[in-house]
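Next come the chains, spelled out residue by residue.
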Amino acid sequence: MNAKDLWKAILGKAETQLSSTFYKAYFLTSYAEEVNEGELTIVCNSNYSKNQISKSYYSFIKETADTVGKKDYKIEFRVEETKKVETNVDGLPLLTILKKEKAAEPGSSEGLSPKYTFESFIVGPSNRLAHAIATAITENPGKIYNPFFLHAGVGLGKTHLIQAIGNKIVETNPQAKIVYATAETFMNELIEAIQEGRNKNYSANKFRNKFRKADVLLIDDIQFIAGRGEATQEEFFHTFNALYMAQKQIVLTSDKAPKELSKLDQRITSRFASGVVADMQKPDVVTRSAILREKRDIAKVDISNEVVDFIALNAETNIRELEGVFLQIITAARADGAEITKEYCAKVLGYALLEKPVVTINEILRAVCTYYNIKMADLKGERRIKEFVIPRQVSMYLLKNYSGTPYMAIGDLLGGRDHTTIMHGNEKIEKKIEEDLRLKQDINNLKKTLNINA
Ligand code: ADP
Ligand code: MG
C-alpha cells in the first residue's frame, strides 16, 4: 500500500475518533510519504503541528498504519513550511468533504495538568488496588467502576491519580469532555454563578453546562463539600445524579473514608455504595525508594542508588514530604557544591547518622567472601552451585538485617538481582537458621567479625 492510501486510511480513522478541531488543524494539514520501505514520514505544515501530532498521536498513527499496511512501520515526523498541503484535499475520503462543515463539538479537558500521568505514578503495595481501578476506568469510562471513590491522607497521590485518569482518557479519546475541579472550585463557581445569576440569567446555566455536560467528572478533595451549605450539597447531588444516570464516569477523592464524611448529605454518601471505594496508604520503603529513583532520573541529578535508598529509608513520610526532603538535599548540595553522600544527606536532614551504627554494605560483603573463602565476583555472579549460593543468601540476610539496606538496593549490589530474589534469599536463611546449627554458627561468627551484637 502506498503512503497516500495509508494516509487516507489514517485520516478516515482520525476523523471518526479524534476531536474535529484537532483533526482539522493537524491531520488535514499534513500528509505522509514513504521514504524507504517501511519508513513512513508524516509531513506537517508547522513545528507546532508536528509537536502536537507527534506528542499525542504517534501510537494512533503507528497502530493504524501497521494494521492497514500490514507492516511494522517506523514513523517519523518532519516539517515542511513552504508547501501548502492543500493538495491533500483531493485525496480525502469523501465522507470528510461532505461533513467538513458540520464539525462535532471538540473535546475538552479543563483543569488537568499534564505532569500527572500514569507513567510517572509509581505503584507499590500501598496503592496497587487504587491504581488498578484507575487504569481499568480509563479503558471503560462510566461502565464498570462508577463512581470511584478514592481516599487517602494528604500527600499520598490522590490528585496525581485522579488527574492521571483524566489525562489518559483525553489521550485515548480526545473528544471526551473531561472536567477536573477541586470541591472548593466547584463551590466557588457555584456561588459565583448564583450571584451573577441575579443579574443575568445565563450564568447558572454556564455553571451547569460545564459540570453537567461532562463525560468524565473528576472532583478532588470532596471533603470540602461536606459541612458546606445546603445549596452547595444540593447542587452537587443533582450534578452527580444527572451524570450518574447518563452513565458518565465520576471519580471523587477525599482525605476521609465515605463513612467518616458525616456532614455530607446522606443521599450523596449512599450513592458511593453503588460504585467502588479504594484507599491508598503510606508507601513502604521499597516504594519510597522507587519513587525517589524516578524523581532523580527525571531531575537528572547525580545521586547513587545507595544514597537514594538511604534517604528513602530515613524519610518515613508521605510522598509530598519525601519529594520535599529530596529537593532540600539537591538544593543544599548545589549551593554547597557538595557531593551527595549518605553523610551529606544526614547532615542536611539533621539525622544523627552515628547514633544508628550500621555496618556498611562493603564490610558485610567482604566479610562473607573471606569467611567462605570465595571471590567477590562469584558472590555477585550467576553460578548456582552450593559453594556460592549459601554465601550469597547469607549476605542477603546480613545486608537486610544489619545494614538497613532495602531489598531493591541489595539486589543492585548483588549483581543486579531482582528484589524478590533477595526477599526469598533472606527468608530462606531466616528459616534455615532455626534448624541448621552449622549455619547458625557461621552467621554468629560473621556477626562477631562485623561487631554486630544484636
Ligand atoms: P494528595 O492529592 O493525596 O495530597 P498528591 O497527588 O498531590 O497528593 O501527591 C503529592 C506529590 O507526590 C505529587 O508531587 C505527586 O506527583 C507525588 N506522588 C504521589 N504519589 C506518587 C506515586 N505513586 N508515584 C510518584 N509520585 C507520586
Ligand atoms: Mg490533592
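Placed above this text is the structure.
Residues numbered from 1 in each chain as written. Chains lettered and ligands numbered in written order. Predicted model: local features only at pLDDT ≥ 70, side-chain atom pairs only at ≥ 80, totals over all residues. Heavy atoms only, no water.

Observations concerning the overall build of the protein
- Across its full length, the protein carries 20 helices and nine strands.
- Here the protein holds 454 residues, and 47% of them are scored as buried.
- Across the protein, every contact between residues at least 6 apart in sequence was considered, and the portion connecting residues at least 24 apart equals 71%.
- In the structure as shown, the protein presents an accessible area of about 23,800 Å², 51% of it carried by carbon and sulfur atoms. (Helix = DSSP H or I, 4+ residues; strand = E, 2+ residues; numbered from the N terminus. Buried < 20%, exposed > 50% of the residue type's maximum accessible area, 1.4 Å probe, protein only. Contact = heavy atoms within 4.5 Å. Areas by Shrake-Rupley, 256 points an atom, 1.4 Å probe, with all protein chains shown as cover.)

Topic: the site of ligand 1
- Around ligand 1, 18 residues are found, and the nearest of them are Ile 122, Gly 155, Thr 159, His 160 and Arg 320.
- A distance of 3.4 Å separates a nitrogen atom of ligand 1 from a polar atom in the side chain of Asn 127.
- Arg 320 places a side-chain nitrogen or oxygen 2.8 Å from an oxygen atom of ligand 1.
- For the shell around ligand 1, the secondary-structure elements that each account for two or more residues are α6 (158-172), α11 (285-299) and α13 (319-336). (Near = heavy atom within 4 Å. Polar contact = N/O pair within 3.5 Å; in protein donor to acceptor, adjacent residues only side chain to side chain.)

Let's talk about the sheet that holds strand β8 (residues 249-254)
- Spatially, the six strands line up as an open sheet ordered β4-β6-β7-β8-β5-β9, and their pairing is parallel. The sheet is open, and its two edges are formed by β4 (108-110) and β9 (276-280), each paired on a single side. Between one strand axis and the next, the sheet turns through 10 degrees on average, direction left out of account.
- This element, helix α5 (residues 128-139), spans β5 (148-152), β8 and β9 of the sheet and lies at about 135 degrees to β9. (Pairing = 2+ DSSP bridges. Axes fitted to C-alpha atoms, helices over the stretch in contact; angles between N-to-C directions.)

Some details on the pattern of salt bridges
- By the definition in use, this model includes 22 salt bridges.
- Among the salt bridges present, the one from Lys 62 reaches Asp 66, with a minimum N-O distance of 2.7 Å. Here Lys 62 pairs with Asp 66, and both are found in helix α3 (residues 47-69), just four residues apart, close to one helical turn. As far as burial versus exposure is concerned, Lys 62 and Asp 66 are alike and both buried.
- Between Glu 80 and Arg 78 there is a salt bridge, with the nearest N and O atoms lying 3.2 Å from each other.
- Salt bridges here are not isolated pairs; linked through shared partners, they connect Glu 33, Arg 78 and Glu 80. (Salt bridge = Lys/Arg side-chain N within 4 Å of Asp/Glu carboxyl O.)

Describing the environment of Thr 360
- In this fold, Thr 360 is placed in the loop between α14 (342-349) and α15 (361-372).
- Along the primary structure Thr 360 and Tyr 402 are separated by 42 residues, whereas in three dimensions their C-alpha atoms are 8.7 Å apart.

Considering the sheet that holds strand β2 (residues 39-44)
- Here three strands make up an open sheet; going across it, the order is β1-β2-β3 and the pairing mixed. Of all strands in the sheet, those with a lone pairing partner are β1 (31-34) and β3 (74-79), marking the two edges. If you compare each strand with its neighbour and ignore which way they point, the axes differ by 30 degrees on average.
- Looking at chain direction, β2 and β3 are connected through six bridges and run parallel. Counted as the bridge partner of Ile 42 is Phe 77 from β3.
- Against the sheet, α3 touches β2 and β3, its axis set at about 160 degrees to β3.

Considering the side chain of Thr 41
- With respect to the helices and strands, the residue Thr 41 is situated in strand β2.
- By relative accessible area, Thr 41 is classed as buried at 7%.
- In this view, Thr 41 contacts Tyr 31, Ala 32, Glu 33, Val 35, Glu 76, Phe 77 and Arg 78; residues no more than four positions away in its chain are not counted.

Details of helix α1 (residues 3-17)
- Taking 1.5 Å as the rise per residue, α1 with 15 residues should run 21 Å; its terminal C-alpha atoms sit 21 Å apart, in good agreement.
- Residues of α1 that are buried include every one of Ala 3, Leu 6, Trp 7, Ile 10, Leu 11, Ala 14 and Glu 15, and no others.
- A side-chain oxygen of the first residue of α1 lies 3.1 Å from the backbone nitrogen of Lys 4; this N-cap is Asn 2. (Expected span 1.5 Å × (residues − 1).)

A few points about the packing of α15 against helix α20 (residues 437-449)
- Viewed as axis vectors pointing N to C, α15 and α20 meet at an angle of 130 degrees, and their least axial separation amounts to 10 Å. What the angle tells us is that α15 and α20 run oblique. Judged by the sense of rotation from one axis to the other, the crossing of α15 with α20 is right-handed. Contact residues: α15 offers Ala 367, Val 368, Tyr 371 and Tyr 372, while α20 offers Leu 439, Gln 441, Asp 442, Asn 445 and Leu 446.
- Its residues assigned to classes, the contact of α15 with α20 shows six nonpolar, two polar and one charged. (Parallel < 35°, antiparallel > 145°, perpendicular 65-115°, else oblique. Left-handed = near helix turned anticlockwise from the far one by under 90°. Nonpolar A, V, L, I, M, F, W, Y, C, P; charged D, E, K, R; others polar.)

Quick look at α13
- If you check α13, its first and last C-alpha atoms are 26 Å apart, about what 18 residues at 1.5 Å a residue would give, namely 26 Å.
- Elements in contact with the buried residues of α13: α11, α12 (305-314) and α14.
- If you check the start of α13, you find a side-chain oxygen 3.0 Å away from the backbone N of Arg 320, and it comes from Asn 318.
- Directly beyond the C-terminal end of α13, a positive phi value near 60 degrees is found at Gly 337.

Brief notes about the packing of aromatic side chains
- All chains considered together, the criterion is met by 14 aromatic pairs.
- Between Tyr 57 and Phe 60, the ring centres sit 6.1 Å apart and the planes meet at 85 degrees, which makes this aromatic pair edge-to-face. A residue pair is termed a helical-turn pair when its members lie 3 or 4 positions apart in one helix, as Tyr 57 and Phe 60 do in helix α3 at three residues. Neither residue differs from the other here; Tyr 57 and Phe 60 are each classed as buried.
- Pairing Tyr 371 with Tyr 372 gives two aromatic rings, centres 5.3 Å apart and planes at 80 degrees, and the pair type is edge-to-face.
- Take Tyr 371: its relative accessible area is 31%, and that puts it in the partly exposed class.
- Counting every residue linked through ring pairs, the aromatic cluster contains Phe 149, Phe 186, Phe 207, Phe 211, Phe 236, Phe 240, Tyr 244 and Phe 272.
- The ring of Phe 237 is capped by Arg 267, whose NZ or CZ atom sits 4.1 Å from the centre of that ring.
- Across the ring face of Tyr 407, the terminal group of Lys 400 is positioned such that the distance to the ring centre comes to 4.5 Å. (Phe/Tyr/Trp six-rings, centres within 6.5 Å; stacked < 30°, edge-to-face > 60°. Lys NZ or Arg CZ within 6 Å of the ring centre and 35° of its normal.)

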